Amino acid sequence: MEDFATLTYNGQKITLPVVIGTEGERAIDISNLRAETGFITLDPGYANTGSCLSAITYMDGEKGVLRYRGIPVEQLAEKSTFKETAYLLINGRLPNREELTRFSVMLNDNSLVHEDLKTFYQNFPRASHPMGILSSMVNALRSFYPALTTLNLREEITITMTRLLAKIRTMAAMSYKISRGHKVVYPRSDLTYCENFLNMMFDNPVRPYQINREAVNALRVFWILHADHEQNCSTTAVRVVSSARVNLYAAISSGIAALWGPLHGGANQAVIEMLTAIQADGGSHKKAIERAKDKNDPFRLMGFGHRVYKTYDPRAKIMKKMCDELLESLQINDPLLDIAKELEEVVQKDPYFIDHNLYPNVDFYSGIVLRAIGIPTSMFTVMFAIGRLPGWIAQWKESVDDPKWKICRPRQVYTGAQAYDFVPIHARV
Ligand code: CMC
């Protein structure tokens, strides 16, 4: 049965189609609104705008549900590998044994990066943020691997997607090594995706890296939890930029740039900085909480709140549990974890946070997990970016495959000066 909504304005009545998703979410299709009435809709921050139809990720912000291609994220975090989850997101279903083997071989075959890339890394100023470097380097990949000439060649698209997935972890680890003035460690075909990354980060001639099962597992879960999150800021950036028909590298580079922001992926770094500041201040979180509640202070409690989740972020639940288990198994006593837990406890009872539906999000405990693995704070958001890459690629592919794919071009309500004549310089006051 087709459903319609009716809009009445100044005696004019128009019907607008209602679109219903597979989980029952409803949207009013306003794509013909302007043609029929002259009106556009206004929705700053797109908080109430559905920008596309998508079959990749389902979220229920009220119930705290997150599923990739229908599978609950809790099950993937428990049973899947990051590689398999990436395949699931991009291809729409879990791979069979043969498909997974082929995917693994392709990832291995593409894991090296062009040696000339090293010179780029070496020439960034030492204080450069790794997210700025990663965004630039992913964009630069287009110059090294320019084969993608048309978006219609399926094979080229597959190779480019695999190349990106394979190289991003090599590039991230390489930037870390070069920033420390250390010799670059190359990927190895005998290691898994997560093991390879940790080995490239931490192996050195003086102390060869011993694969640590707990760290590998924590990284696996961390990356699965970050793998997609439907139309968030960076994914929207990827979709918007690619809608102008730029190459995949440029689109992903824009996603990385968006993710860098402290309101988005940069929050994992900001959380640790906030907890460290609380620690330096004697461990009292009172000041931070008061500042977060003060309307005249732009300070926010980092790692709290979410545009969609109005309850506990399901990723944060898994991350918190994993954080406890990891620290215990590695016998790490991180005072920041105690501060984080105390802060959460106090916040949960505070009417301001209750009334505003502010719960811990994925970034609140993730930094403590990354610290325990040995990842430096400045690399935290890079870790998020590696995890989010399959989601960006899946969303990009879905938009490219959409027969109704259009350039993204919102409108505005102009509030500036009305037309007036140009004044020659001698006549200006
Ligand atoms: N601390 C204090 N107050 C907050 C916070 C916070 N972390 N987050 C939201 N609020 C308040 C905000 O001041 C506003 O209050 P009022 O209505 O009284 O003016 C109200 O809650 C709504 O805030 P908003 O900015 O309109 O909400 P939003 O949906 O636009 O923003 C958010 C979502 C995630 C940007 C925001 O909650 C925030 O800035 N959180 C801290 C940064 C953070 O942890 N980001 C990571 C997000 S999860 C990872 C990811 O997906 O990137």
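Residues numbered from 1 in each chain as written. Predicted model: local features only at pLDDT ≥ 70, side-chain atom pairs only at ≥ 80, totals over all residues. Heavy atoms only, no water.

Student: Any details on the overall build of the protein chain? Residues and values, ideally.
Tutor: Scanning the protein chain for helices and strands turns up 18 helices and 6 strands. Over its C-alpha atoms the protein chain spans a radius of gyration of 24 Å, differing by no more than 12% from the 22 Å that the globule rule assigns to 429 residues. With the principal axes as the frame, the protein chain shows a C-alpha extent of 80 × 65 × 55 Å. For the protein chain, the proportion of its 429 residues judged to be buried stands at 48%. Nonlocal contacts in the protein chain, meaning residues at least 24 apart in sequence, comprise 72% of its contacts between residues at least 6 apart. A total accessible area of about 22,700 Å² is found for the protein chain, and carbon and sulfur atoms account for 53% of it. Charged side chains of the protein chain number 49 positive and 46 negative; the gap between the two group centres comes to 4 Å. (Helix = DSSP H or I, 4+ residues; strand = E, 2+ residues; numbered from the N terminus. Rg over C-alpha atoms; globule rule 2.2 N^0.38 Å. Buried < 20%, exposed > 50% of the residue type's maximum accessible area, 1.4 Å probe, protein only. Contact = heavy atoms within 4.5 Å. Areas by Shrake-Rupley, 256 points an atom, 1.4 Å probe, with all protein chains shown as cover. Lys, Arg positive; Asp, Glu negative; His and termini not counted. Charge placed at Lys NZ, Arg CZ, Asp CG, Glu CD.)

Student: Got a sec to walk through helix α6 (residues 130–144)? Specific residues and values, please.
Tutor: Here α6 contains 15 residues, and its C-alpha end-to-end distance of 20 Å stays within 8% of the 21 Å for a straight helix at 1.5 Å per residue. Of all 15 residues making up α6, 11 are buried, and the element is well covered by its neighbours. Looking at α6, one finds that the buried residues are Pro130, Met131, Gly132, Ile133, Leu134, Ser135, Met137, Val138, Ala140, Leu141 and Phe144. Check the buried side of α6 and you find it contacts α5 (117–123), α7 (154–179), α11 (248–259) and α18 (380–401). (Expected span 1.5 Å × (residues − 1).)

Student: Give a detailed account of the nonpolar core, specifying residues and quantitative values.
Tutor: Ranked by internal contacts, the top residues of the largest apolar core, which has 116 residues, are Phe197, Trp223, Ile252, Ile373 and Ile375. Ignoring anything within four residues of it in the chain, the contact list for isoleucine 375 reads Phe197, Met201, Phe202, Leu370, Phe380 and Met383. (Core = buried A, V, L, I, M, F, W, Y, C linked by side-chain atoms within 4.5 Å.)

Student: Give me the site of the ligand: which residues, what numbers.
Tutor: Within the structure, the ligand sits among 21 residues, and His264, Lys295, Leu301, Arg307 and His356 are positioned closest to it. Between an oxygen atom of the ligand and a side-chain N or O atom of lysine 295, the distance comes to 2.7 Å. In this structure, arginine 307 approaches the ligand through a side-chain N or O atom, which is 2.8 Å from an oxygen atom. Out of a free accessible area of 940 Å², the ligand has 76% covered by protein chains. Looking at the shell around the ligand residue by residue, the class counts come to 10 nonpolar, 7 polar and 4 charged. (Near = heavy atom within 4 Å. Polar contact = N/O pair within 3.5 Å; in protein donor to acceptor, adjacent residues only side chain to side chain. Nonpolar A, V, L, I, M, F, W, Y, C, P; charged D, E, K, R; others polar.)

Student: Describe the sheet that holds strand β5 (residues 65–68), naming the residues involved and giving the relevant values.
Tutor: Pairing in this open sheet of 3 strands is antiparallel, and the strands run β4-β5-β6 from one edge to the other. Of all strands in the sheet, those with a lone pairing partner are β4 (57–60) and β6 (71–72), marking the two edges. Direction of pairing for β4 relative to β5: antiparallel, over a ladder of 4 bridges. Note on β5: the bridge partner recorded for threonine 57 is tyrosine 68. (Pairing = 2+ DSSP bridges.)

Student: Quick one: what's the story with helix α10 (residues 233–242), residue by residue and with numbers?
Tutor: The periodicity of an α-helix, 3.6 residues per turn, causes residues three or four places apart in sequence to face the same way. Buried residues dominate α10, accounting for 7 of its 10 residues. Restricting attention to buried positions, one finds in α10 the residues Ser234, Thr235, Thr236, Ala237, Val238, Arg239 and Ser242. In this structure, the buried residues of α10 make contact with α11 and α18.

Student: Would you mind going over the pattern of salt bridges in detail, with residue names and values included?
Tutor: Within the structure shown, the criterion is met by 18 salt bridges. The partner of arginine 239 in a salt bridge is glutamate 398, with the nearest N and O atoms 2.7 Å apart. Of this pair, arginine 239 sits in helix α10 while glutamate 398 sits in helix α18, and the two are 159 residues apart along the sequence. Each member of the pair, arginine 239 as well as glutamate 398, is classed as buried. Residue glutamate 325 is joined to lysine 321 by a salt bridge in which the shortest nitrogen-to-oxygen separation is 3.3 Å. One end of the pair is glutamate 325 and the other is lysine 321, both in helix α14 (residues 314–329) and 4 residues apart, which spans about a single turn. (Salt bridge = Lys/Arg side-chain N within 4 Å of Asp/Glu carboxyl O.)

This is a description of form; function is not addressed.
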